[in-house]
Amino acid sequence: AQSVAQPEDQVNVAEGNPLTVKCTYSVSGNPYLFWYVQYPNRGLQFLLKYITGDNLVKGSYGFEAEFNKSQTSFHLKKPSALVSDSALYFCAVRQPSSGGYQKVTFGIGTKLQVIP
Amino acid sequence: EAGVAQSPRYKIIEKRQSVAFWCNPISGHATLYWYQQILGQGPKLLIQFQNNGVVDDSQLPKDRFSAERLKGVDSTLKIQPAKLEDSAVYLCASSSEGGLAGGNEQFFGPGTRLTVL
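Residue indices follow the written sequence of each chain, beginning from 1 at its first position. Here the convention is simple: chains get letters from A, ligands get numbers from 1, in the order in which they are written. Residue-level local features of this predicted model are given only where pLDDT is at least 70; pairs of side-chain atoms are given and counted only at 80 or more, and the full residue set underlies all totals for whole chains, interfaces and linings. Just so you know, side-chain values use all the structure's heavy atoms and leave hydrogens and water out.

1. A closer look at the overall build of chain A
Argument step 1. Helix and strand assignments follow DSSP, with helices taken as H or I runs no shorter than four residues and strands as E runs no shorter than two, numbered in order from the N terminus. For chain A, the helix and strand inventory stands at zero helices and 12 strands.
Argument step 2. If you list the helices and strands of chain A from N to C, you get β-β-β-β-β-β-β-β-β-β-β-β.
Argument step 3. Dimensions along the principal axes, computed over C-alpha positions, put chain A at roughly 45 × 30 × 25 Å.
Argument step 4. Buried residues are those whose accessible area, probed at 1.4 Å on protein chains only, stays under 20% of the maximum for their type, while exposed residues exceed 50% and partly exposed ones sit between those limits. Expressed as a percentage of the 116 residues in chain A, the buried residues total 46%.
Argument step 5. Counted over contacts in chain A with a minimum sequence separation of 6, partners at least 24 positions apart contribute 56%.
Argument step 6. The average position of the 10 basic charges and that of the 7 acidic charges among the side chains of chain A differ by 9 Å. The contact rule is simple, with two residues in contact once any of their heavy atoms fall within 4.5 Å. Charge assignment: positive for Lys and Arg, negative for Asp and Glu; neither His nor the chain ends contribute. One atom stands in for each charge, and that atom is NZ of Lys, CZ of Arg, CG of Asp or CD of Glu.

Okay, structure coming up:
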């Protein structure tokens, strides 16, 4: 069974500092990995994904994530945090299949608080 | 393009009552998902449709929850009768499952916040 772990309930970072939100996964074979962001009272928004190829993927709002197969991790990063980045971040994993029917498993989320 | 639409945005009911949620996905998206998000947790998949067929409903409490996607477009999720533990945000999402076979991202609606008293 596939699973996702987000070990930190909350991450606090000062505005302008680099941020990292951690994610590790467990899946059979090569995973599809996603990051989503959720602002208060809104649905989830897609940030970025890893399917194949370059381990460093870039996404929306200056975010990037690095796929590390040996450590089964997909940490989300940003070089310089903004107060507006404060939100709930979800990592998700999907085991690929020919029929595309494997469900996506989400982590429990990490609250990012950027302090002015 | 228009996003995923959901209604209502908020609903308050008493336990044992019934409730229905509606979702209209992004035009052309073949796959539609219903998730339950309880406060402090990540979204949990309830049911996944591919066009108008169910491909995963393993986590749907079928004794009280039902969902349909007639004509492969919009969808309704119903709870009957509701329990206190059904209080959650119900999210609808859609994706275009093309050649990447599951590698396409999902687009989420704003959700329906259900409170069961």
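So that's the structure; there's more coming.
2. Things to note about the pattern of salt bridges
Close approach of charged atoms allows side chains of opposite charge to pair.
All names here are of chain A.
Argument step 1. When a carboxyl oxygen of Asp or Glu lies within 4 Å of a side-chain nitrogen of Lys or Arg, that pair is called a salt bridge. Counted according to the given criterion, the structure contains five salt bridges over all chains.
Argument step 2. Of the charged contacts, one joins Lys58 and Glu64 as a salt bridge, the two residues approaching to 2.9 Å between their closest N and O atoms.
Argument step 3. With relative accessibility at 63%, the residue Lys58 sits in the exposed group.

3. Some details on the sheet that holds strand E8 (residues 75-79) of chain B
Residue and element names in this part refer to chain B.
Argument step 1. Two strands pair if DSSP finds at least two bridges between them. Taken in spatial order, the four strands make up an open sheet running E1-E3-E8-E7, and their pairing is antiparallel. A strand with exactly one partner marks an edge of an open sheet, and here the two such strands are strand E1 (5-7) and strand E7 (65-68). Geometrically, the sheet is characterised by an average inter-axis angle of 15° between neighbouring strands, direction not taken into account.
Argument step 2. As defined by bridge partners, E1 adjoins strand E3 (residues 19-24) across three bridges and the pair is classed as antiparallel. Paired with Ser7 across the bridge in E3 is Trp22. Here, axes are lines fitted to C-alpha atoms. For helices the fit covers the stretch in contact, and angles between N-to-C directions go from 0 to 180 degrees.

4. Side note on the side chain of Ser94(B)
All names here are of chain B.
Argument step 1. Topologically, Ser94 is positioned in strand E9 (residues 88-95).
Argument step 2. When its relative accessible area of 0% is taken as the criterion, Ser94 is described as buried.
Argument step 3. Distance and chemistry together define a polar contact, namely a pair of N or O atoms within 3.5 Å, with one atom able to donate a hydrogen and the other to accept it when in protein, and with adjacent residues in sequence counting only for side-chain atoms on both sides. At a separation of 3.4 Å, a polar atom in the side chain of Ser94 contacts the main-chain amide nitrogen of Ile26.
Argument step 4. At 2.8 Å, the side chain of Ser94 and the side chain of His29 are in polar contact.
Argument step 5. Not counting the four nearest positions on each side in its chain, Ser94 is found in contact with Val4, Pro25, Ile26, His29, Thr31, Leu32, Tyr33, Glu105, Gln106 and Phe107.

5. A closer look at the interface of chain A and chain B
Argument step 1. Contacts between the two partners involve 24 residues from chain A, matched on the other side by 28 residues from chain B.
Argument step 2. Each of two parts loses accessible area, computed with a 1.4 Å probe, when they are put together; buried area is these two losses added. Together, the buried faces of chain A and chain B total about 2,000 Å²; carbon and sulfur atoms form 51% of this surface.
Argument step 3. For the pair chain A and chain B, the interface holds one salt bridge.
Argument step 4. Glu105(B) is paired through a salt bridge with Lys49(A); the nearest N and O atoms lie 2.9 Å apart.
Argument step 5. Connecting chain A to chain B are four residue pairs in polar contact (both at pLDDT 80 or more).
Argument step 6. Sorting the residues of the side of chain A that touches chain B by element identifies strand E5 (32-38), strand E6 (44-50) and strand E10 (87-94) of chain A as the ones contributing at least two each.
Argument step 7. Residue polarity follows a fixed list, in which Ala, Val, Leu, Ile, Met, Phe, Trp, Tyr, Cys and Pro are nonpolar, Asp, Glu, Lys and Arg are charged, and the others, Gly among them, are polar. Classifying every residue of the side of chain A that touches chain B by side-chain character gives 12 nonpolar, eight polar and four charged.

6. Description of the packing of aromatic side chains
Argument step 1. Geometry of aromatic contacts follows a simple scheme: Phe, Tyr and Trp rings, the Trp one being its six-membered ring, pair when their centres are within 6.5 Å, and the pair is stacked under 30 degrees between planes, edge-to-face over 60, tilted otherwise. Enumeration according to the criterion identifies 13 aromatic pairs over all chains in this entry.
Argument step 2. Aromatic side chains Phe106(A) and Phe108(B) sit 6.1 Å apart centroid to centroid with 75° between the ring planes, which places their arrangement in the edge-to-face category. Taken together, the residues span two chains, with Phe106(A) in strand E11 (residues 105-106) and Phe108(B) in strand E10 (residues 107-108). Accessibility classification places Phe106(A) together with Phe108(B) in one group, the buried group.
Argument step 3. One aromatic cluster is present, formed by Phe34(A), Tyr36(A), Phe46(A), Phe106(A), Tyr33(B), Tyr35(B) and Phe108(B) through successive ring pairs.

7. So, the nonpolar core
Argument step 1. Throughout, nonpolar core names a set of buried Ala, Val, Leu, Ile, Met, Phe, Trp, Tyr and Cys residues whose side chains join them through atoms within 4.5 Å. Of all hydrophobic cores here, the largest spans 28 residues; its most connected members are Trp35(A), Leu47(A), Leu48(A), Phe74(A), Leu76(A) and Tyr89(A).
Argument step 2. Listing elements by their share of this core, those giving two or more residues are strand E2 (10-14), strand E3 (19-21), E5, E6, strand E8 (64-68), strand E9 (73-78), E10 and strand E12 (110-115) of chain A.
Argument step 3. For this core, the element with the highest residue contribution is E10(A), accounting for four residues.
Argument step 4. Val4(B), Phe21(B), Phe65(B) and Ala88(B) belong to the second largest nonpolar core, which has 21 residues in total.

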